[in-house]
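Residue-level listing of the chains:
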Amino acid sequence: MVDIQNDVRATGSGVRISDNETLLRSSLKLRHMRMVVALEDHGQISAAAQVMNISQPAASRMISEIEDILGVQICERLPRGIRLTPYGAALARRGRAILLEMQQVDREISDLKSGKGGSVAMGAVTAPAIELAVPAIRKIRERYPRIEISVQIETSAVLARELLASRHDFIIARVPDDLDPRLFESRIIGIEKACLIVRRGHPLAGSGTIALERLAEFDWVFQPGGSLLRQTVQGIFMSRNVRMPDRILNTSSLLLTLVMVAQSDAIAPIAIDVAKFVNSKSGLAGAIEILPIAFDINVQPYSLISVRGRTLSPTAQLLHDHILREIA
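Attention in this report is confined to the structure presented alongside it. All of these numbers come straight from a predicted model, not from anything done at the bench.

**Focus on helix α11 (residues 314–325)**
Relative to the 16 Å expected for 12 residues at 1.5 Å per residue, α11 spans 17 Å between its end C-alpha atoms, a close match to the ideal helical length. Within α11 the residues assigned to the buried category are Thr315, Ala316, Leu319, His320, His322 and Ile323. In a view along the axis of α11, the buried residues occupy a sector of 165°, so they form one face of it. In α11, the exposed positions angled more than 90 degrees off the buried face are occupied by Pro314 and Arg325. Close packing links the buried residues of α11 with β3 (119–124), α5 (126–143), β4 (148–153), β5 (170–173) and β11 (297–307).

**Things to note about the pattern of salt bridges**
Taken as a whole and assessed by the stated rule, the structure comprises 14 salt bridges. Arg182 is the salt-bridge partner of Asp180, the closest N and O atoms lying 3.0 Å from each other. Salt bridges here are not isolated pairs; linked through shared partners, they connect Glu40, Asp41 and Arg96.

**Here's the deal with the packing of aromatic side chains**
The geometry of two aromatic rings is summed up by the distance between their centres and the angle between their planes. The tally for this structure, following the rule as stated, stands at two aromatic pairs. Between Trp220 and Phe222, the aromatic rings sit 5.2 Å apart at their centres with planes inclined by 20°, giving stacked as the arrangement. Judged on exposure class, the residue Trp220 and its partner Phe222 are both buried. Within the aromatic cluster, the residues linked to one another by ring pairs are Trp220, Phe222 and Phe237.

**Comments concerning the layout of surface pockets**
Taken as a whole, the largest pocket holds about 660 Å³ of empty space. Lining the largest pocket we find 35 residues, and of these Thr155, Ser156, Gln223, Ser227 and Leu228 sit closest to its centre. Secondary-structure elements contributing two or more residues to the lining of the largest pocket are α5, α6 (156–164), β7 (220–222), α8 (228–239), α9 (254–262), β9 (268–271) and β11. Grouping the constituent residues of the lining of the largest pocket by class yields 17 nonpolar, 13 polar and five charged. Quantified by volume, the second largest pocket comes out at close to 440 Å³. As for the second largest pocket, its lining consists of 16 residues, and the residues nearest its centre are Arg93, Ala97, Leu183, Val307 and Arg308. Ranked by residues supplied to the lining of the second largest pocket, first place goes to helix α4 (residues 86–114) with six residues. Split by residue class, the lining of the second largest pocket holds six nonpolar, two polar and eight charged.

**Overview of the side chain of His320**
Note that His320 resides in helix α11. For His320, the contacting residues outside a window of four places in its chain are Phe170, Leu304 and Leu312.

**A short note on a nonpolar patch on the surface**
On the surface, Leu255, Leu256, Val259 and Met260 cluster together into a nonpolar patch covering about 320 Å² of accessible area. Take Met260: it is sitting in helix α9.

So, how was this worked out
- Along each chain, residue indices are assigned from 1 in the same order as the chain's sequence is written.
- Thresholds applied to this predicted model are a pLDDT of at least 70 for local features of residues and 80 or more for the giving and counting of side-chain atom pairs; totals over whole chains, interfaces and linings are not thresholded and use all residues.
- Only hydrogens and water are set aside when side-chain values are computed; all heavy atoms of the structure are taken into account.
- By definition, any uninterrupted DSSP run of H or I lasting at least four residues is a helix, any uninterrupted run of E lasting at least two residues is a strand, and each is numbered from the N terminus.
- Given the number of residues in a helix, its expected span is that number minus one, multiplied by 1.5 Å.
- Buried, partly exposed and exposed residues are distinguished by accessible area as a fraction of the type maximum, computed with a 1.4 Å probe on protein chains only: under 20%, between the cut-offs, and over 50%, respectively.
- To be clear, the arc concerns the directions from the helix axis to the C-beta atoms.
- In this description, contact between two residues means that some pair of their heavy atoms is separated by no more than 4.5 Å.
- Note on definitions: salt bridges are taken to be side-chain nitrogens of Lys or Arg within 4 Å of carboxyl oxygens of Asp or Glu.
- Here a Phe, Tyr or Trp ring, Trp counted by its six-membered ring, pairs with any other such ring whose centre lies within 6.5 Å, and the pair is stacked when the planes are under 30 degrees apart, edge-to-face when over 60, and tilted otherwise.
- Using only the protein atoms, space was sampled on a 1 Å grid; points where a 1.4 Å probe fits but cannot get out form cavities, open sets with protein on both sides within 12 Å along at least five of seven lines form pockets, and lining residues are those with an atom within 4 Å of a point.
- Grid points are joined across faces, edges and corners, and a volume is the space filled by probe spheres set on the points.
- Amino acid classes used here: Ala, Val, Leu, Ile, Met, Phe, Trp, Tyr, Cys and Pro are nonpolar; Asp, Glu, Lys and Arg are charged; the rest, including Gly, are polar.
- Patch construction takes residues with relative accessible area above 30% that form no salt bridge. Like charges are linked within 9 Å, and nonpolar side chains (Val, Leu, Ile, Met, Phe, Trp, Tyr) are linked within 5 Å.
- For the area figures, the Shrake-Rupley method with a 1.4 Å probe applies, and any residue is considered shielded solely by the protein chains shown.

This is how it looks when you write it as structure tokens:
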């Protein structure tokens, strides 16, 4: 179990949670942990009650129980919803880890009973998903066909928060600037190189190396604002004093990006590994072309990331190790 006492402290008289007592000997229960986590996730007692499948008055009583046990206030009532106090936030953080451990125990026991062999959930940005995760998954499924593997492809900002919310065992992404890097165990495993793609027969295709000013005349398909690939391309425009394109479609969907490129004169930046896969015979044999450009698009390195202090299940560790073996 995760020790909660070091994170829950108070200076007022009568509060001795971290002195010679431990919460393990208190009447704090897993349902209390679930309630605090639900409060942090939703910010409203009514929403937390719905998640817990209890009435709002029962949820309020449960909050009072938790505060009586801890001897501190865990949340503040606001005009619209609630906000966790530092004590509540500490309990939610540790409680989330405890609940994840219990979920993993439940999952492993269920897997043993059903003979499925285990399950793992991971997230990845697109390029390393194709380059590293897919080959690792293919090798694991050859040896362990009953392992259930779930993969979410998203931006780093989304994946990091999903990881902290215990929806993934680990991710291949980047730690967003607005999150504390001390929350994570992170190992750099690759640098993402990007390119610009257009449809076959595009007006710029086959015209030699293309100046940035010419590229700005066309429609573009970008990842949403804040994504590292978009920031990298925007930085290239700014460093060369070239105005950004006026006509931009924002989407995090690779499928929609490819459709827009295939059916218009739009330009899109995507990872080189993805572009090569789309065009390869062993991939999708897609009808796109990579534009020759006079500059490199090098995105910030991506890492293999897990939550600091959180132990991977044996199945998750297996996939984690196979991905590391795929690194050239």
